[in-house]
Amino acid sequence: MSGLVRSTLDRRQARIEWSRHEATHHTADEPFEVVIFFADPPVNLYQVRQWYEPMRRLAEKHPVVVLTRDVQTAVALTRECPLPVVLQPTVAETEDWMARQSVGIVFYVNQNMTNFRMLRFRDPAHIFISHGESDKDYMASNQLKAYDFTYVAGQAAYERIGRRLVDYDRDTRLVRVGRPQVDVDYEGPVLPDDGRTVVLYAPTWEGDRPSMRYSSLASHAGPMLDALLATGTHRVIYRPHPRTGAFAPRYKELHRAVVAKLESANRTDPAAGHVVDTDSAFGWHLKAADVCVADISAVAFDWLATGKPLLLTEPADPATEVDREGIAGLLRTFRAEDAGNVLAAIDAVADGGDHHRYQQIVERYFGDVTPGASLQRFADASDQILARRAALRD
């Protein structure tokens, strides 16, 4: 069966499932104050998935709905998302629905050009929340100017955007909320308590342009994993980016090679318990692992908040945009030529010498990480914006 035929059948089945859902749920008729606009196909659900719990908490006070234009995405969301879902494939449907609502905020988790479909509505505050905090070039795109506000984690983002955007009023348009996701508990597998050092390896995807080639799959993974798997005292959790291989098929092969390597190691030593995780919500990994190897990505920043040792990979491609005033300039980076010496690198960051530096970086990137503080800042900021929009409507 060809890919086109398979895709057509999948969409037809999704439309049938959505019709059944609509027959028993009349979500479009309910009143909502907050919309998460997500126009992407299911492959990008990881971008909105990390916001489920913070938005569920916000919905306890202000009704929140996810609005999508893709029927397969809508069906997938009804299966996993704790929030109501509305499907509106056409602009006309959205116009009619918005005219009957009193929406005060529309949130956006990515820079999809289809976002302009919602940005045309004047009454709500349009807020970019992204899908992670990092020093990637994407995080200071000129596209931020399209939104009324951007929720950022902390001082580092304020400085980064100030350095890179021209004529942008960051004091008015940037709202610091920390990282609400760090206040959420995630379900995950229970790993054996057998004294092994658990290493989280979470490479990002290959990027769709030279400046975004942060992935270490091609440069670090092979020799690094060979060294870790040979000790008999380490357990690896491999968590690849969901979009790995989406732009460069070679990375799908690199991913498969890593999976095969870990499966072989588990067959050789069943007690090793190496984990390949490609589908759970990211978060449980932060508590389960002792040390993390990550690229310049949101994973690295979320990990920093734990205070545990981090190996931040140095991009091997010289065309990659690396912000030396960001985390890559504050920490010692882990280079490809040192990948085979990963054990020594782990020992170097595990000696506690960087603990104070980690604390300083966490403060700069996230602000107060006291449990619950980020969720509260997110809720308070949203409350204030909703109240202002309501007042302007009245």
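Residues numbered from 1 in each chain as written. Predicted model: local features only at pLDDT ≥ 70, side-chain atom pairs only at ≥ 80, totals over all residues. Heavy atoms only, no water.

Asker: Which parts of the structure should I look at to understand empty space enclosed by the protein?
Answerer: A full pass over the atoms with the stated rule returns two cavities of 30 Å³ or more. There is about 160 Å³ of room inside the largest cavity. Considering the residues around the largest cavity, the lining is formed by 19 residues, among which Ile129, Glu133, Tyr151, Val152 and Ala153 are closest to the centre. For the lining of the largest cavity, the secondary structure elements donating two or more residues are strand E6 (149–152) and helix H7 (155–164). In terms of residue class, the lining of the largest cavity is made up of 12 nonpolar, four polar and three charged. (1 Å grid on protein atoms, 1.4 Å probe; cavity = no way out; pocket = protein on both sides within 12 Å on 5 of 7 lines; lining within 4 Å. Points joined across faces, edges and corners; volume = space filled by probe spheres on them. Helix = DSSP H or I, 4+ residues; strand = E, 2+ residues; numbered from the N terminus. Nonpolar A, V, L, I, M, F, W, Y, C, P; charged D, E, K, R; others polar.)

Asker: I tried to follow the nonpolar core on my own but got confused; where do I start?
Answerer: Inside soluble globular proteins, nonpolar side chains tend to come together where they are buried. Counting residues in each nonpolar core, the largest one holds 83 residues, and the members touching the most others are Met118, Met224 and Leu310. Within the second largest apolar cluster, 36 residues are counted, among which are Val64, Ala74, Phe107 and Phe378. (Core = buried A, V, L, I, M, F, W, Y, C linked by side-chain atoms within 4.5 Å. Buried < 20%, exposed > 50% of the residue type's maximum accessible area, 1.4 Å probe, protein only.)

Asker: What is the right way to look at the layout of surface pockets in this model?
Answerer: Gaps left between atoms are located by rolling a probe of water-molecule size over the structure's atoms. Reported here for the largest pocket is a volume of approximately 860 Å³. Within the residue set of the lining of the largest pocket, elements represented by two or more residues are helix H2 (46–49) and helix H12 (298–304). Taken together, the residues that form the lining of the largest pocket break down as 16 nonpolar, 16 polar and nine charged. Roughly 430 Å³ of internal volume is contained in the second largest pocket. Forming the boundary of the second largest pocket are 20 residues, of which Val182, Val184, Gly283, Leu286 and Lys287 lie nearest the centre. When residues in the lining of the second largest pocket are grouped by element, the largest group, three residues, is from helix H11 (residues 285–288). Its residues assigned to classes, the lining of the second largest pocket shows 10 nonpolar, five polar and five charged.

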